[in-house]
Amino acid sequence: MWYTTFVVLHILSAGIVIGLITLSVIGASMRKKVRGTMGELAAIRSGAMISPIMANIGSIGLLVSGVVLTLLQYSFFPFGTMPWLALMQTDYVVIMAISGAFLAPNGKKILAAANAEIASPGAGSGASESLRSMVDRQYAVVMLVGFLVLLAVILGESKAMMWAAGIQ
């Protein structure tokens, strides 16, 4: 029963992370449509407020459920016996490193800049070029993380196709 509970938590947490990436793609599309208006700043601010909440819920859920599942049935970084799991765990560590080093600090800067620009007299003309540049760089890193999340999903779902196929 515990194993199933944590598998469900793991899947739900992954869904939150995938939803965050989807929200980033939709948000980028919406920002283009309202470029040069107050709506652009509102969209940037909204994304900068929602993203860390979803990222924290999803990543903490994945960490806790992943560690519990590993302790219940698997082991940490088992490259020799379960390469799919070892690669998936390594992928998670890389994602967390990118998130901690780039996404979180840049997200705080984006939120602060968006709040400052919303309060400025020129807010009606949309985001400044420097804010747009920060948001575009953040989006590029989010897309890299999205690729790594997709890789983790593929590894988790294709364990039987890995080179150590008989070991699961």
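Per chain, residues are indexed from 1 in the order of the written sequence. At least 70 in pLDDT is required for a residue's local features to be given in this predicted model, at least 80 for side-chain atom pairs to be given and counted, and no such filter applies to totals for whole chains, interfaces and linings, which use all residues. Working from all heavy atoms in the structure, the side-chain values ignore hydrogens and water.

J.: Lay out the side chain of glutamine 138 with the relevant residues and their values.
T.: Only DSSP runs of H or I reaching four residues or more are called helices, and only runs of E reaching two or more are called strands; each is numbered from the N terminus. Its location among the elements puts glutamine 138 in helix α4 (residues 129-157). The buried label applies to any residue whose accessible area, calculated with a 1.4 Å probe on protein chains only, is under 20% of its type's maximum; exposed applies above 50%, and partly exposed to all values in between. Glutamine 138 gets classed as buried once you look at its relative accessible area, which sits at 13%. Among the polar contacts made by the side chain of glutamine 138, one reaches the main-chain carbonyl oxygen of leucine 103 at a distance of 2.9 Å. A 3.5 Å cut-off defines polar contacts: any pair of N or O atoms within that distance qualifies, except that in protein one atom must be a possible hydrogen donor and the other a possible acceptor, and neighbouring residues in sequence count only when both atoms are side-chain atoms.

J.: For a nonpolar patch on the surface, give the residues involved together with the corresponding values.
T.: A grouping of Leu63, Val67, Leu71, Phe76, Phe77, Phe79, Leu87 and Val93 is seen on the molecular surface, where their side chains present a nonpolar patch of about 720 Å² in accessible area. Only α2 (38-73) and α3 (83-118) provide two or more residues apiece to the nonpolar patch. Looking at which element gives the most residues to the nonpolar patch, the answer is α2, with 3 residues. Relative to the helices and strands, phenylalanine 79 is located in the loop between α2 and α3. Patch rule: a residue counts if its relative accessible area is over 30% and it has no salt bridge; like charges are joined within 9 Å, and nonpolar side chains (Val, Leu, Ile, Met, Phe, Trp, Tyr) within 5 Å. Only the protein chains shown count as cover for residues, and all accessible areas are computed by the Shrake-Rupley method using a 1.4 Å probe. Every case where a carboxyl oxygen of Asp or Glu lies within 4 Å of a side-chain nitrogen of Lys or Arg is listed as a salt bridge.

J.: Give a description of the packing of aromatic side chains that names residues and reports values.
T.: Ring pairs shown here join Phe, Tyr and Trp side chains whose ring centres sit within 6.5 Å, with only the six-membered ring taken for Trp; geometry is labelled stacked below 30 degrees between planes, edge-to-face above 60, and tilted in between. What the rule picks out here adds up to 2 aromatic pairs. Consider the rings of tyrosine 74 and tryptophan 84, whose centres lie 5.8 Å apart with planes at 90°: the pair is edge-to-face. Within this pair, whereas tyrosine 74 is found in the loop between α2 and α3, its partner tryptophan 84 is found in helix α3, the two being separated by 10 residues in sequence. For the pair formed by tyrosine 74 and tryptophan 84, the shared burial category is buried.

J.: Go over the environment of isoleucine 57, please, and point to the residues and values.
T.: Relative to the elements of secondary structure, isoleucine 57 occurs in helix α2. A C-alpha to C-alpha distance of 17 Å links isoleucine 57 and serine 46, two positions 11 residues apart in sequence.

J.: Would you mind going over α4 in detail, with residue names and values included?
T.: Between the first and last residue of a helix there are one fewer steps than residues, each counted as 1.5 Å, and that sum is the expected span. With 29 residues, α4 should cover 42 Å at 1.5 Å per step; its first-to-last C-alpha distance of 42 Å lies within 8% of that length. Leu131, Arg132, Val135, Gln138, Val142, Val145, Gly146, Leu148, Val149, Ala152 and Leu155 are the residues of α4 that are buried. Turning to α4, the residues buried within the fold contact α1 (2-33), α2 and α3. What makes two residues a contact is simply this: any of their non-hydrogen atoms within 4.5 Å.

J.: I'd like a description of the environment of methionine 54, backed by residues and values.
T.: Its place among the elements puts methionine 54 in helix α2. For the pair methionine 54 and glycine 66, spaced 12 residues apart in sequence, the C-alpha separation works out to 18 Å. When sequence neighbours within four positions are dropped, the list of residues in contact with methionine 54 reads Ile16, Gly19, Leu20 and Leu23.

J.: Give a detailed account of the confidence of the model for the chain, specifying residues and quantitative values.
T.: Known as pLDDT, the predictor's per-residue confidence is scaled from 0 to 100. Residues of the chain with pLDDT of at least 70 account for 94%, and the chain-wide mean is 91. In the model, residues 164-168 has pLDDT below 50 throughout and makes 11 contacts with residues more than four positions away in sequence or in other chains.

J.: Please give an account of the pattern of salt bridges that cites residues and values.
T.: Pairing is possible between side chains of opposite charge, provided their charged atoms come close. Under the counting rule described, the total for this entry stands at 3 salt bridges. A salt bridge links arginine 132 to glutamate 40; the shortest N-O distance between them is 2.6 Å. Of this pair, arginine 132 sits in helix α4 while glutamate 40 sits in helix α2, and the two are 92 residues apart along the sequence. With relative accessibility at 11%, the residue arginine 132 sits in the buried group. For glutamate 40, a relative accessible area of 3% puts it in the buried group.

J.: Go over the packing of α1 against α4, please, and point to the residues and values.
T.: All axes here are fitted lines through C-alpha atoms, helices being fitted over the stretch that makes contact, and every angle between N-to-C directions spans 0 to 180 degrees. Contact geometry for α1 and α4: axes closest at 10 Å, N-to-C directions at 145°. As α1 runs across α4, the sense of the crossing is left-handed. When α1 is examined against α4, the residues Val17, Ile18, Ile21, Ser24, Val25, Ala28 and Arg31 are found in contact with a partner set consisting of Val135, Tyr139, Val142, Met143, Gly146, Val149 and Val153. Each residue gets one label: Ala, Val, Leu, Ile, Met, Phe, Trp, Tyr, Cys and Pro are nonpolar, Asp, Glu, Lys and Arg are charged, and the others, such as Gly, are polar. A class-by-class count of the residues in the contact of α1 with α4 yields 11 nonpolar, 2 polar and 1 charged. It is the rotation of the near helix from the far one that decides the hand of a crossing: anticlockwise by less than a right angle makes it left-handed, clockwise makes it right-handed.

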